[in-house]
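# Architecture at a glance
Here's the letter readout for the chains.
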Amino acid sequence: MKNLDTKFPKRALSVLMASATTLALIGCGGTGQDDQTPSTSSTQFSGVAIDGALARATVYLDSNNNATRDPWEDYAFTDNDGYYSYNPKTNTDYCASSAPASEKIYCLKSSRSFSNVVVRVDGGYDLLTGEPFLGQMSRRVELEESTSSVDSVVSPLTTLLTNVESSNDRSNLLNALRISENDLDINYLDSDGMGSVNSGLLNTALKVHKTVTILSDRLNDNYEELGDEVGTMNDPSSEVYRNLAQELTASSNTGLDNILQDTQALTRIMDNSERVLRDLYQQKELNLPEDLGSSESPNQLSRVVNIASNIPNIVNRLIDPISTIDTSGAQGSARALETFVIKSVNEGRNDDSSIDNAVDFFTNEANTTLVDALTSALSGERGDLSALVSNDFSGSDFDSEEEINQASRLDDSAQPLSLLAGRTLKVSELDLGSAPNNLKDSEVEFYFTGDTDAISGQFTSCVKFIDGASTDGTLGEGNSRGELVNGYWSMLGASSDNRSSFSVLLTIEFLGATYQAILKPNGTATIANTEYERIRFDFDGEIKNWYSVDGLTTTEVAPTSNTDCETRLPSRVGI
């Protein structure tokens with residue numbers, strides 16, 4: 001698992017540095033193999049992606065069901081509310097001929113003929129937790145020859161059924177989940193169109209996806225070529241879902257909780273999923289890593305299945321499936337659960353005792369008041385996981401409501417971003433490396449445009465990335481002194497009545513692809529006698545705190561070239 005606390009992606013920034021050249025090639029007529037332009041003909045696929053609602057996730061038509069988007073497969077992105085093609089909340093048709101370019105990226109259409117196709121979703125940001133979405137979700141859609149539009153919910157529940165073929169198996173699986181066929185089409189975060197949360201379906205969906213996330217991550221850590229090698233699945237979650245569905249189908253009377261708490265069943269799921277990954281590695285002639293399977297290394301899987309088996313009890317404590325819960329309560333509970341998931345996927349091979357402390361904290365009835373205090377503190381726009389994921393969930397710093405509030409909410413010094421249009425924000429990495437052969441210098445400067453009181457618009461950014469450079473002036477691979485990159489921005493949760501937000505979502509287009517990033521104010525910090533505004537910068541699933549001396553300033557003149565960017569971001573390491 002990528003470290004969600006500390007690492008910023010060198011690979012992603014290296015790619016970003018090459019963006020201007022690539023975009024120029026595309027503008028002049030590139031290869032055309034995958035021009036990253038969503039299709040605009042024939043059948044329209046619309047719907048919503050929910051674990052929590054997923055903003056800026058990639059949604060695509062996986063025609064060969066190989067769990068990765070091939071160059072010929074149509075795709076789009078989900079909008080700020082998790083919808084694609086059409087948003088019923090705003091009554092916006094992103095596929096309309098009059099839709100501007102900034103909206104057409106949410107339109108999913110295809111001119112290809114399908115009898116059935118898998119709609120698959122990955123990436124993006126979970127609006128319930130405010131964190132990057134981990135894993136994949138999917139739904140198999142049946143089409144008639146005359147079908148011109150399809151509307152569907154994509155969720156953990158639909159994902160379990162993606163590869164279930166017989167009607168008998170489908171019935172057994174639904175029975176194991178204690179849900180009906182109609183439940184698959186319910187947006188459990190907004191079941192009546194007025195914001196009502198279906199606590200039973202939310203409880204079931206979170207148990208499923210968070211268990212799959214923890215198990216998949218252990219496999220992902222071992223099989224690192226997945227998602228990078230052409231033709232391999234993006235991550236193992238599709239296989240873990242497939243094998244979980246088989247366990248549930250075979251034990252429909254046992255019920256979901258019993259299967260998810262059964263470490264032997266979870267081990268079988270891991271074994272069967274790993275077998276597929278190893279076969280794929282051999283087909284692609286990739287170097288096989290060690291086998292984690294219980295038949296050869298029984299201790300390799302014991303820790304992860306033991307951790308994952310706690311998910312049902314934790315979810316049941318946080319979200320009672322038979323009690324009413326409002327949106328705020330769902331948000332606080334989902335964030336508390338996500339803290340446990342992030343701890344689990346970040347653990348690696350050395351046991352982290354704070355995970356065991358967290359299990360006790362959430363499941364010990366003596367902690368009822370403190371758990372309620374935590375979910376309350378995490379709800380709302382100031383709820384924050386940054387410090388909480390490194391807390392050990394024990395001791396004097398976590399034994400009172402006051403201490404819990406301090407650990408799980410943004411500091412009062414953190415102020416929401418507002419009135420971005422016409423403003424500039426420069427963020428810097430403070431680590432400058434060391435001479436003579438490991439100098440570092442990374443900075444990004446954003447120039448936001450739009451109407452004065454806009455809550456969305458376009459941006460231009462200058463990006464400097466130097467890593468592993470030498471004092472003789474030699475730059476490291478993929479480094480750049482300044483590149484001009486363009487994209488779109490929008491303030492999550494903002495409206496005409498509240499034009500500020502703690503999360504600004506960025507859509508960045510480069511290298512023939514589209515990436516998502518998010519900016520979050522994270523308070524102030526004084527370092528070496530200089531006071532900085534701390535900005536959490538999530539880029540392509542990686543999270544890092546960057547620093548700004550001046551915060552938002554008025555834009556005088558925006559850059560128009562790489563040369564401008566090099567001038568505006570002079571070297572801080574003398575090369």
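The notes below deal with the structure included here. The model shown is predicted, which means the values in this text are computed figures rather than measured ones.

Attention now moves to helix α9 (residues 263-283). Helix length check: α9 (21 residues) gives 30 Å between terminal C-alpha atoms against 30 Å at 1.5 Å per residue, within 8%. Looking at α9, one finds that the buried residues are Ala 265, Leu 266, Thr 267, Ile 269, Met 270, Asp 271, Ser 273, Glu 274, Leu 277, Arg 278, Leu 280 and Tyr 281. Capping the start of α9, Asp 262 holds a side-chain oxygen 2.9 Å from the backbone nitrogen of Gln 264, two or three residues further along. Looking one or two places after α9, you find Glu 285, whose phi comes out positive at around 55°.

This structure, assessed with the given rule, holds 2 disulfides. The side chain of Cys 95 participates in a disulfide bridge whose partner is Cys 107; the two sulfur atoms lie 2.1 Å from each other. Across the S-S bond linking Cys 95 and Cys 107, the dihedral sits near 110°, which makes this disulfide right-handed. With Cys 95 in the loop between β7 (92-93) and α3 (101-104) and Cys 107 in the loop between α3 and β8 (108-110), this pair connects stretches of sequence that are 12 residues apart. This pair shows no difference in class: Cys 95 is buried, exactly as Cys 107 is. Covalent S-S linkage joins Cys 462 and Cys 565, the inter-sulfur distance amounting to 2.1 Å. Disulfide Cys 462 to Cys 565: torsion about the S-S bond roughly -70°, handedness left-handed. One end of the pair, Cys 462, is in strand β18 (residues 456-469); the other, Cys 565, is in helix α16 (residues 562-568), with 103 residues separating them in the sequence. What links to what in the chain: the bonded cysteines, counted in sequence order, pair as 1-2, 3-4.

Residues Phe 340 and Phe 362 are the most contacted members of the largest nonpolar core, which totals 85 residues. The element that contributes the greatest number of residues to this core is helix α6 (residues 199-222), accounting for 9 residues. If you look at the next biggest cluster of nonpolar residues, it comprises 26 residues, including Leu 417, Val 444, Ile 508 and Ala 517.

Here we take up unusual backbone geometry. Omega for the peptide link from Ala 435 to Pro 436 comes to 5°, which places this bond in the cis form. Counting through the fold element by element, Pro 436 comes out in the loop between β16 (433-434) and β17 (438-448). In the Ramachandran plot, Leu 419 falls in the positive-phi region, its phi being about 50° despite a non-glycine side chain. Mapping Leu 419 onto the fold places it in the loop between β14 (417-418) and β15 (423-428).

Quick notes on the rules
- Residues numbered from 1 in each chain as written.
- Predicted model: local features only at pLDDT ≥ 70, side-chain atom pairs only at ≥ 80, totals over all residues.
- Heavy atoms only, no water.
- Helix = DSSP H or I, 4+ residues; strand = E, 2+ residues; numbered from the N terminus.
- Expected span 1.5 Å × (residues − 1).
- Buried < 20%, exposed > 50% of the residue type's maximum accessible area, 1.4 Å probe, protein only.
- Polar contact = N/O pair within 3.5 Å; in protein donor to acceptor, adjacent residues only side chain to side chain.
- Disulfide = S-S within 2.5 Å.
- Core = buried A, V, L, I, M, F, W, Y, C linked by side-chain atoms within 4.5 Å.

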